[in-house]
Every structure is written in C-alpha cells, then in structure tokens.
Amino acid sequence: MDFSLSKEQLMIQNMAREFAEKSILPVAQQIERENQIPDEILEGLAGLGLFGIAYPEEYGGGGGGYDGYALAMEQISKVCGGVAMTLSAHCMTLSTIMAFGTEEQKQKYMTPGCIGEHVLSVAFTEPSTGSDPKQLTSTAVKQGDKYILNGTKRFISNANWPGTILVFAIDSVTNKPTAFLVDKWCEGYSISEPWDKIGMHGGMLLDVYMKDIEVPAENILGGPAMGYPILQLGISYGKIGVCSITLGAMLSAYEEAMKYAREKMHRDKPITKFQAVQLRLASIASLYEASRWMTYRLAWLANNVKDPVQFAKEAALTKTFVGETVIDLVRDAMAIHGSYGLINDYKISQLWRDSIIAPQIEGVTDMQKTIAAAVLLGAI
Amino acid sequence: MNLVVAMKQIPDLQQIRFSNRRPVLADVPKSFGNIDKNALEAAVLIKESYGDGKVTVVSAGNEELEDTIKEALAAGADEAFLITDDNALDDADSSIVAQVLTEAIKQLEDVDLLLFGEGSGDNYSGQMGPRVAKLLDLPMVGYASAIEIKGDTAIVVRTLEDVEEVVEVSLPAVITVQSGINEPRIPSVTQILKAGRKPKTVQDLEDLDLGSDHKNQVVTIDILAPESNRKQIKVNNASQLLDALKNENLIGG
Ligand SMILES: Cc1cc2nc3c(=O)[nH]c(=O)nc-3n(C[C@H](O)[C@H](O)[C@H](O)COP(=O)(O)OP(=O)(O)OC[C@H]3O[C@@H](n4cnc5c(N)ncnc54)[C@H](O)[C@@H]3O)c2cc1C
C-alpha cells in the first residue's frame, strides 16, 4: 500500500494550484459578485489541458486519469468553487460519453470538449424531479430516423456555454429514459436567466427549454432505454468532481481556520492557546484527511472500473461522507472565527454558503445512502 | 542554438515546516529555485524565437533529481544531463559544484549560451554562474533582465541598483538572470506527463574526473540571527528615561 503521490501527480497538483493562485484568485471576488467566470479563465484552464485531463489522448485528453483530475480540481476549488463546478459538470458529461459512446461519438463529442472548445452539460433534472428517472416528463418522439425532443430541464450547469448537452427523455418507442447527444443552441433550444443560488457562484445554473428539437437517431447514447444505467454510472463519475470540489472548500476552510486562530489575540496570546480551539483544529484536520483519502481512492477506482454497480456504491458512500463532513468541518472553522465569520469580507462566510451545496446535488445524501444500501443488500 | 541551463534541486520552500524554530527538511518534496525557473524560461523563449535549437538542463544533486528534473522537462527543456550522488552533493561547497557542472557541460556539444539563475533558491550565494564561466574560460554577464540574440552575440540588459546597463557579449557566454526577466510558464497536463519520456543522461559523481578533493562540505552551524541580550529596562516617564540613558552612558551626563 503506497499513499504517496507520484512526481507527476505532485506536478499536476502544483500546476493547478499555481494557475488558481495566479489567475483565478485575482478575479475570485468578481466571480463571487457577478456570478460569471471571465472567458480568460476558461481559456487558461483549456490551455493547461484541464478540460480533458482525465481522458485518453486519442480523444483530445491529457491522459492524467481521474487521480490527476481530483488533485487539480481540489486546488482550483480551493480558490473558487464555481470555476471547479463548471469543470465538474463538463467532465461528468465527458465521462459518460467515454463509458457509453461509440468510437464515432467519442471522436465527435469528446474531442472538442477535452480541448476546451466546448463546455458540456448533462440535463436530467426537471422541475418535478431530480432523483427519480421514472418521473421524467421530457419526451422524445420517434419520427422516421429522427427524434423530436420536448420538455423543460431544471438546474442545468453550463447550459449557457456552447457544446454538447446530454439530454435524458422518455422515448416514444420504449417508453423508458433514453440519453440523447444534443447540440446546445440548436433550433428549439433556449435557456432561462441563471438561478440565483446560495453559493459556488460562477458555476452557472439555468433551466433549459426544448421545443421540437430534432435529433438524429444516431445521437442516442448507449442505445434506447439505457437512460437509467447511463445516469447511474455517469453520475458516479460525476461524484469524483463534486467530492474534489468539496475537498477544495475543506482545504480552504482548514487554512482560514488555522490562520485566524493564529492571528486572533486574546490577552496578548493567540486563541490557539485555548484547548477548545485546538480541539476544533484537530477535528478539522482529521475530517479533511479522511475526506481526502476517500476521494483520492474513488478517483483511483474510477481509472479502472470493473464492476459499475460496485463503483456506484463506492461513489455513493464517498459522496455521502464527504458531502456531509464538509458541513461539520466548515462549522468548526466558522466557530473559530466568532462573529467575524459572518462578515462577507472573511472567506469562511463564502465557504459556509458553498459547503451546503455538495450534499444537495448529484443525488441528495439520502439518495446516496439508498443507492449504497441497495448494492450492499444485493437489491441492485 | 544550443542552450544550457544550470538548475539546482532544493527543498520545496512552500512546504517546509518549522519545529523549534528550525526547518524540518525530511520528506519535503524537492523542486527547483524560482530564479532557476526564470533561467529555464529565458532559454526556452530564446529557443522559440530562434525557431530551432535545444535546451539542455544540467543539474547535480542526490538521486531524487531524477524525479525533480521532470519539472524542468515539463517546462520546456528538451534534455537533461544529471550528475548524481547519494549525499556528497547535498551540502557540497560552491567551488566543488562548479567543477562538477563544468565537467558535465564539457561533455555537451557546441554550447552557444549558458544560463544560470543569479542565485539559488536556498543559499542564494550567487557564485555558480561566475565560477563556471571562469572554469570554462567564457565571458560572463550577471543580473540580466533581458536577453536578445544578435548573430554571434547577445545583447543583455542588466538592471542594477540605480542604473540599467546594456552590454554586448560574444557567444558562447554565461549569463545569470534576475527573477524579473520573465514569468515562467505553467506546464500543461500533457507536458507534465510527457516529461519523463524526454532524453536524460545520468552520470555518477564518481565517474567524473575531479581529482581527490571534491568532498568539501558546507556545515550549517546555525540559521538564526545572532542573539542580542536586551536589558529590558522599564521607565515610567521622560526623566526616568533620561536617567537610564545616562546610566548606560548613552548620553552625556
Ligand atoms: C449547483 C447545482 C448544479 C446542478 N447541476 C445539474 C446538472 O448539470 N444537470 C442536472 O440534471 N441537474 C443538476 N442539478 C440538479 C440536482 O442534481 C438535483 O436538484 C438533485 O439531484 C436533487 O433533485 P431534486 O431537487 O429534484 O430533489 P428531489 O428528487 O425532489 O428530492 C427531494 C427530497 O426528497 C427525498 N427523496 C426523493 N426521492 C427519494 C427516494 N426515492 N427515496 C427517499 N427519499 C427520496 C430526498 O431525500 C430529497 O431530500 C444541479 C443542482 C445544483 C444545485
């Protein structure tokens, strides 16, 4: 068992840290205020190969694996969760195409995504459901060798950027969820104003309206009626992204707590003299370490998925732990800050708002536990 | 254009912890000094503007160098020439390292320009460039803030404390660079992953012809500023202060 990072992994981590500190940090407040990522940031990430880091070179990727992806995402998110969120939704889509696409589909849809010309999206959630594929209302009606898509998708990340969107809809032939590769901004595609969400600003969330969008049958991913297994595995890869983003928030809260505790004075001595503060710092450190190694292990597993069902369980368990733990960790970091933590000038206030997002997305925590338990009990 | 850059492996300064006011160096990952990275970037930029050529990094250090060198190879170096030894090079005296680097450089063909950082990231003694230039009997220009190649010469801007000097030096030459000369590039994922596959020559220190006295080590006695004992005399008002200063013979009575 070797838990040390290789030189290449360390270099990827350093590269992401350096880019985040040099290029994202100076505009982080602006992103927070305006809920918009400047184009130069996305171009910079693309130039470094971060849009396709996990994927093979033959599809335009960097070949850095999910381990490299997780390490880089953590560093980016530490500086700006919204930027990492954009990459995460994009990469979840790439992973799904990688797992289920034909060779032709991979060449066509992954390559522009991996090199950062396209920002990809997944559209599953609808106004009436985010957890239950059986309740989907979007339709895909077969007409000759085409499907006509109609419906509304809710809370779709990256729906504003050009690229491919993977749409889940009930197809008229099988009456089951089927996944379609659709070009955003094609005829019949439109979006809402961005939702004004609690945190992770910059990671843009929009509703997508589909009005008689024509999609050739060859754009079905993985075959008709495969929507549910595609979603399950795709979202399992997606959890590496969400967990890494969460790690970044934890690392930032950890640093903020250490810094504040060392600087804040009480009768001429830093508040680290109080055992209560020491215990909170130790707790923060242990929660971060546990989350970190669980996430890195999930990323390592993802490099070589043998059994998608077992992988889905591991992803659900990791997301359950990391998604809930960040709240405890940030709570401790907040406590150390006293009332200053409530002031928006302090980063911990932003982390507080960001941290509640992880347990609520890509399947809420209860759904993660439901999935894990179903696998544990042999029901899936 | 064949460019050689000398880079020194040092502990990653951002990751050093302190315990009892001393740095804990065990297990700290290795990296190159920032100014060395500027020297490399300068070489890569010259190569790129020239259209062809090769950037070779020379470095002497312990075995970890074989991993550390990937940083330079990812950041644009084409090849590496390494001299390694278990421990003899870690705290070796500058004069020894200069001999080692010189012997390495002599084995490279048709070198047009040698670039060094003005000082290393750890000791910053600033000796290596001048020493190697002397040993190779080459002209040397220090503290470059801009370099332009014109035919067989380099036009170098030297930014000094209160003047800026522009000098011309014939090639081959040694130039040491300042940190302001450029902003080193951040290597991409692909460059990082391909670094390990670039050509690399590794030579054992023992195999170099250095004579017998190459074992001089620098011994670090202390890293803290000398302590000065303060008297900590407390005063309550100006006249007490005057008395105290008089008692210490600091002002006339
Ligand atoms: C920042 C962000 C980014 C997002 N990006 C995307 C995206 O790119 N694409 C996309 O498709 N969606 C996206 N979403 C939507 C998100 O994935 C869903 O909102 C999320 O999965 C939860 O769905 P819901 O809100 O409809 O909750 P619901 O499914 O309505 O669940 C509500 C509650 O009911 C409970 N519940 C529901 N079903 C069950 C069950 N079967 N058993 C037990 N309890 C149950 C859950 O515990 C939950 O607490 C995003 C959301 C956010 C906030």
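Remember, predicted model here, so these are calculated numbers, not experimental data. Residues take numbers from 1 onward in each chain, read along the sequence in its written order. Each chain takes a letter, starting from A, and each ligand takes a number, starting from 1, following the order in which they are written. Under the rules for a predicted model, residues below a pLDDT of 70 receive no local features and side-chain atom pairs below 80 are neither given nor counted, while totals for whole chains, interfaces and linings still include all residues. Water and hydrogen atoms play no part in the side-chain values, which are based on all heavy atoms of the structure.

A. Local environment of the domain arrangement of chain A. Residues and elements named next belong to chain A. All domain edges in this entry derive from an automatic or database-based domain assignment. By the assigned domains, chain A splits into domain 1 (7-114), domain 2 (121-221) and domain 3 (228-376). For domain 2 and domain 3, the distance between their C-alpha centroids amounts to 30 Å. Any pair of residues with heavy atoms lying within 4.5 Å of one another is described as a contacting pair. At the interface, eleven residues of domain 2 touch nine residues of domain 3. Joining two parts hides part of their accessible area as seen by a 1.4 Å probe, and the buried area is that hidden amount summed over both. Together, the buried faces of domain 2 and domain 3 total about 1000 Å²; carbon and sulfur atoms form 79% of this surface. Counted as salt bridges are all cases of a side-chain nitrogen of Lys or Arg within 4 Å of a carboxyl oxygen of Asp or Glu. The tally of links between domain 2 and domain 3 comes to zero salt bridges. A class-by-class count of the residues in the side of domain 2 that touches domain 3 yields eight nonpolar, three polar and no charged. Three residue categories are used. Nonpolar comprises Ala, Val, Leu, Ile, Met, Phe, Trp, Tyr, Cys and Pro, charged comprises Asp, Glu, Lys and Arg, and polar comprises the others, including Gly.

B. Broad picture of the pattern of salt bridges. All names here are of chain B. Applying the stated criterion to the full structure yields 28 salt bridges over all chains. Notably, a salt bridge pairs Asp-222 with Arg-22, separated by 3.4 Å at the nearest N-O pair. Note that Asp-222 is positioned in the loop between strand S13 (200-204) and helix H6 (238-247) and Arg-22 in strand S4 (residues 22-24), a separation of 200 residues in sequence. Burial status follows relative accessibility: with a 1.4 Å probe on protein chains alone, a residue under 20% of its type maximum counts as buried, one over 50% as exposed, and anything between as partly exposed. For Arg-22, a relative accessible area of 39% gives the class partly exposed. A salt bridge links Asp-78 to Lys-47, with the nearest nitrogen and oxygen atoms 3.0 Å apart. Placement of Asp-78 in the loop between helix H2 (65-74) and strand S7 (79-84) and of Lys-47 in helix H1 (residues 34-50) is noted, with a sequence separation of 31 residues between them. Counting from the N terminus, the helices are the DSSP runs of H or I reaching at least four residues and the strands are the DSSP runs of E reaching at least two.

C. The arrangement of the interface of chain A and chain B in detail. Taken together, the contact between chain A and chain B spans 17 residues of the former and 16 residues of the latter. Between chain A and chain B the total buried area reaches about 1500 Å² when both faces are included, carbon and sulfur atoms providing 62% of it. Summed over the three residues of chain A that lose the most area to chain B, namely Lys7(A), Glu8(A) and Met11(A), the buried surface amounts to 38% of that side. Glu57(A) serves as the salt-bridge partner of Lys194(B), at 3.4 Å between the closest nitrogen and oxygen. The term polar contact refers here to a pair of N or O atoms within 3.5 Å; inside protein, the definition further demands a hydrogen-donor-capable atom paired with an acceptor-capable atom, and it admits residues adjacent in sequence only when both atoms are side-chain atoms. Summed over the shared surface of chain A and chain B, the number is six residue pairs in polar contact (both at pLDDT 80 or more). Looking at the side of chain A that touches chain B element by element, the count peaks at eight residues for helix H1 (residues 7-34) of chain A. Class assignment of the residues belonging to the side of chain A that touches chain B gives a composition of seven nonpolar, five polar and five charged.

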